[in-house]
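In case you want the letters, here they are:
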Amino acid sequence: MHRLTGLLRKAGGKWGLSLFFAAAAALAQGNEPAAVDPGAAGSAYGTAKLLLNHLAAGDIEAAARLSNAPQRRYEVLHDYRAKVGEEEFKRVFGRYFHPENRLVAEYRLGVHRLLIWDLGEEAHHLAGQFYVEIEEGKFLMDDAPSEERSRLRRVLQDYRRGKAPG
């Protein structure tokens, strides 16, 4: 930061002000949740569809491999499937592909993503899924606690209250 301040002082005048605003924008990028066009470059939507296809087919092993905590994700999915039964498990995840259910928003915070689904068949319940980019354009379901994930959870809560971030 001190180096940036020094460069701004040397630039002086109107160039210094322009550099200041450019630097401020660069520093702010990734610090606040920002909307992403679902399906565009940098979107986790492709991974979400793949994950949901595995779940709708009942393939919890393949779904768990798409997590950054695969063993824990497998255990959660296994326990849920044991609780509700195979057919209900497939129905629950298959509903994401019904026409009345759709992806309505995606937000990014650094490498973290939040996908928000409107499950219209469930009285417009807004469901969230969390992903993390592990390399350029490759995502995993984000099952690891982090400050970014907590902040995206608050975005989901705000979205549910009708207060979506800019």
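First, a word on scope: everything that follows refers to the structure included in this document. None of these values were measured; they are calculated from a predicted model. (Residues numbered from 1 in each chain as written. Predicted model: local features only at pLDDT ≥ 70, side-chain atom pairs only at ≥ 80, totals over all residues. Heavy atoms only, no water.)

## Some words on the side chain of T47
Here is step 1: Inspection of the secondary structure assignment puts T47 in helix α3 (residues 45-56).
Here is step 2: Using a relative accessible area of 14% as the deciding quantity, one classes T47 as buried.
Here is step 3: Leaving out residues up to four positions away in the same chain, T47 has contacts with Y131 and F139. (Helix = DSSP H or I, 4+ residues; strand = E, 2+ residues; numbered from the N terminus. Buried < 20%, exposed > 50% of the residue type's maximum accessible area, 1.4 Å probe, protein only. Contact = heavy atoms within 4.5 Å.)

## Let's talk about the sheet that holds strand β4 (residues 125-135)
Here is step 1: Spatial ordering of the open sheet is given by β1-β2-β3-β4-β5, a layout of 5 strands whose pairing is antiparallel. At either end of the open sheet lies a strand with only one pairing partner, and these are β1 (34-35) and β5 (138-141).
Here is step 2: Sheet topology note: the β4/β5 ladder contains 4 bridges and is antiparallel. For Y131, the partnering residue across the bridge sits in β5 and is M141.
Here is step 3: Helix α7 (residues 147-160) rests against β2 (101-109), β3 (112-119) and β4 of the sheet, and its axis sits at about 155 degrees to β4. (Pairing = 2+ DSSP bridges. Axes fitted to C-alpha atoms, helices over the stretch in contact; angles between N-to-C directions.)

## Considerations on the packing of aromatic side chains
Here is step 1: Counted by the stated rule, this structure contains 6 aromatic pairs.
Here is step 2: Considering the side-chain rings of Y45 and W117, the 6.1 Å spacing of their centres and the 40 degrees angle between planes classify their relative orientation as tilted. Taken together, the residues span a long stretch of sequence, with Y45 in helix α3 and W117 in strand β3 at a distance of 72 residues.
Here is step 3: Taking the relative accessible area as the measure of exposure, W117 reaches 3% and is therefore buried.
Here is step 4: The structure contains a cluster of three or more aromatic residues connected by ring pairs, namely Y45, Y96 and W117. (Phe/Tyr/Trp six-rings, centres within 6.5 Å; stacked < 30°, edge-to-face > 60°.)

## Focus: the nonpolar core
Here is step 1: Membership of the largest hydrophobic core comes to 21 residues, with the highest contact counts inside it found for L55, F93, W117 and Y131.
Here is step 2: Those elements giving two or more residues to this core turn out to be α3, α4 (60-64), α6 (86-94), β3, β4 and β5.
Here is step 3: If sequence neighbours within four positions are ignored, L55 has contacts with A63, L77, F89, K90 and F93. (Core = buried A, V, L, I, M, F, W, Y, C linked by side-chain atoms within 4.5 Å.)

## Observations concerning the pattern of salt bridges
Here is step 1: For the coordinates displayed, the defined rule picks out 9 salt bridges.
Here is step 2: Linking E86 and R81 is a salt bridge whose minimum nitrogen-to-oxygen distance equals 3.8 Å.
Here is step 3: Judged by its relative accessible area of 18%, R81 falls in the buried class.
Here is step 4: For R154, the salt bridge goes to E147, with nearest N and O atoms at 3.5 Å. (Salt bridge = Lys/Arg side-chain N within 4 Å of Asp/Glu carboxyl O.)

## Overview of the side chain of R113
Here is step 1: Mapped onto the secondary structure, R113 falls in strand β3.
Here is step 2: Reaching out from R113, the side chain makes a polar contact with the backbone oxygen of G110 at a distance of 3.0 Å.
Here is step 3: A polar contact is formed between the side chain of R113 and the side chain of E133, at a distance of 3.4 Å.
Here is step 4: When near neighbours in sequence (up to four residues on either side) are disregarded, R113 contacts G42, A44, E106, Y107, R108, Q129, F130, Y131, E133, F139 and L152. (Polar contact = N/O pair within 3.5 Å; in protein donor to acceptor, adjacent residues only side chain to side chain.)

Read these as spatial facts, not as claims about activity.
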